[in-house]
Amino acid sequence: MPKATETLLEIDLDALGHNFRYLKSKLKDTTKLLGVVKAYGYGSDAVEIAKELQHLGIDYLAVAYVKEGVMLRNSGITVPILVLHPQAVNLEILIDHCLEPNLYSKLVLDQFILASEKKDQKDYPIHIKFNTGLNRLGFLEKDIASITDKLNTTNSVRVRSIFSHLAASEDLLERTFSLDQIASYNSICEQYLQLSDEKPMFHMCNTSGILNYPEAHFDMVRSGIGLYGYGNSDEHSKELIPVVTLKSVISQIHHIEKGATVGYNRAYTIKNEWEAQSIATIPIGHADGISRAYGNGKGWVTINGQKASIVGNVCMDMIMVNCTDISCREGDEVILFGRSQTAEILSQSVQSISYELITAISQRVKRIIVKK
């Protein structure tokens, strides 16, 4: 891959394909795979990721909000798209773009039936979410009868799937809780089938659920972070390839004498044991998604294969790193995270997670698509 000459996010579609095939290998042939492309494709490029997943044969896509789905439809994506958190104000727009809503409460179910009847829809596909312990969105098990009663009063919609969400599938210390969630979900599905003539799809597993709870794969599984190269454990992550690499360059190197300070609030001082230090300035900062939490020695970058600690406070558009013991010069490439120094490793330095780091990368950072 060519060396970076500016700050950019490299998006490797071959890595995406590898991760897709690895996750598919964990499934039965009859189990569908839904790819989550919300939040700009987990901080990458939702359109390019969705196009590649469509090419690979993904069964479903999911976004958080209606406008994300509209963007995909306007870019030529034709596979079914589940909108996980639709808002009432956007329901008619959702229908206009053939998006499929997650209906998670009596209010939003009623609102969507009204919107679909207003637009003279028949059998419009909807998804019903049940809360089995995450306590975020979803109906409760006791709501099943009222839901089926409501659905029996209209032919404007039909239930495409009944689903739920595991709360701690990556944490094997919470295995009992996860198994209780799965049991609760099974009960919900059985009761729903008893009260409805429809046979919708059932799905519950996220990436860690796919890998840790094969008994809960049901008709479809959903993967977000796994498709982007992270498996929430060392065992699984080693089988996946990070899709994005964040790169930049050295803008300038200062040779700073002992006692001098670096950056805002003089947060870093060249200590007495040093005669001088070489400090490299990199054109990326907290406006680009590198949080101030990574400053003052907590985070680092890689220059010519060696780690260089971030010194001083992270600025809006720049970071400074200690490159004293690294053979480097202005214009050299800098890796913030990628395949070897992963986003998971870097995020752990500030007690965060890969999701937060990769989805924070600003849209002003140039995206480059890589595919052999």
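Our subject is the structure that appears above.
None of the values given here were measured: they were computed from a predicted structure. (Residues numbered from 1 in each chain as written. Predicted model: local features only at pLDDT ≥ 70, side-chain atom pairs only at ≥ 80, totals over all residues. Heavy atoms only, no water.)

The helix and strand tally for the protein stands at twelve helices and 19 strands. Dimensions of the protein along its principal axes, counting C-alpha atoms only, are 80 × 45 × 40 Å. In the protein, which comprises 372 residues, the proportion classed as buried is 54%. Taking contacts inside the protein between residues at least 6 apart in sequence as the whole, the part at least 24 apart equals 66%. Accessible surface computed for the protein: about 17,000 Å², of which carbon and sulfur atoms make up 49%. The centroid of the 38 positive side-chain charges in the protein is displaced by 2 Å from the centroid of its 43 negative side-chain charges. (Helix = DSSP H or I, 4+ residues; strand = E, 2+ residues; numbered from the N terminus. Buried < 20%, exposed > 50% of the residue type's maximum accessible area, 1.4 Å probe, protein only. Contact = heavy atoms within 4.5 Å. Areas by Shrake-Rupley, 256 points an atom, 1.4 Å probe, with all protein chains shown as cover. Lys, Arg positive; Asp, Glu negative; His and termini not counted. Charge placed at Lys NZ, Arg CZ, Asp CG, Glu CD.)

Moving on to the packing of helix H7 (residues 144–151) against helix H8 (residues 175–195). Where H7 meets H8, the closest approach of the two axes is 10 Å, and the angle between their N-to-C directions is 35°. In the crossing of H7 with H8, the sense of the turn from one axis to the other is right-handed. Across the interface between the two elements, Ile144, Ala145, Thr148 and Leu151 of H7 pack against Ile188, Gln191, Tyr192 and Leu195 of H8. A per-class count over the contact of H7 with H8 returns six nonpolar, two polar and no charged. (Axes fitted to C-alpha atoms, helices over the stretch in contact; angles between N-to-C directions. Left-handed = near helix turned anticlockwise from the far one by under 90°. Nonpolar A, V, L, I, M, F, W, Y, C, P; charged D, E, K, R; others polar.)

Taken as a whole, this structure holds six aromatic pairs when the rule is applied. Pairing tyrosine 42 with tyrosine 228 gives two aromatic rings, centres 4.7 Å apart and planes at 15°, and the pair type is stacked. Remark: tyrosine 228 occurs in the loop between strand S9 (220–223) and helix H10 (234–237) and tyrosine 42 occurs in helix H2 (residues 38–43); sequence separation between them is 186 residues. Assigned by exposure class, tyrosine 42 and tyrosine 228 land together as buried. Relative to phenylalanine 218, the ring of tyrosine 185 lies with its centre 5.1 Å away and its plane at 70°, an arrangement referred to as edge-to-face. Linking tyrosine 185 in helix H8 with phenylalanine 218 in the loop between helix H9 (207–212) and S9, this pair joins segments that are 33 residues apart in sequence. (Phe/Tyr/Trp six-rings, centres within 6.5 Å; stacked < 30°, edge-to-face > 60°.)

Although it is not a glycine, cysteine 98 adopts a positive phi angle of roughly 55°. With respect to the secondary-structure elements, cysteine 98 resides in the loop between helix H5 (91–96) and strand S5 (100–103). Relative accessible area serves as the criterion here: at 52%, cysteine 98 is assigned to the exposed category. Here the phi dihedral of asparagine 265 falls at roughly 60°; this positive angle occurs in a residue that is not glycine. Considering the arrangement of structural elements, one finds asparagine 265 in the loop between strand S12 (261–262) and strand S13 (268–269). Judged by relative accessible area, asparagine 265 falls into the exposed class, the value being 67%.

Summed over all chains, the structure comprises zero disulfides. In this structure cysteine 205 is a free cysteine whose sulfur lies 12 Å from that of cysteine 189, the closest cysteine sulfur available. Take cysteine 205: its relative accessible area is 0%, and that puts it in the buried class. (Disulfide = S-S within 2.5 Å.)

Note on sheets: strands pair through backbone hydrogen bonds, and any given pair is parallel or antiparallel. Pairing in this open sheet of nine strands is mixed, and the strands run S11-S14-S17-S16-S15-S18-S10-S1-S19 from one edge to the other. At either margin of the open sheet sits one strand with a lone partner, and together these are strand S11 (252–257) and strand S19 (366–370). Between one strand axis and the next, the sheet turns by 35° as a mean value, whatever way the strands run. Across four bridges, the pairing between strand S10 (residues 244–249) and strand S18 (residues 333–337) is antiparallel. When the sheet's bridge partners are listed, valine 249 is paired in S18 with glutamate 333. In this fold helix H1 (residues 13–25) packs onto strand S1 (8–12) and S19, with an angle of close to 45° to the strand it touches most, S1. (Pairing = 2+ DSSP bridges.)

Purely spatial values, then, with no claim about function.
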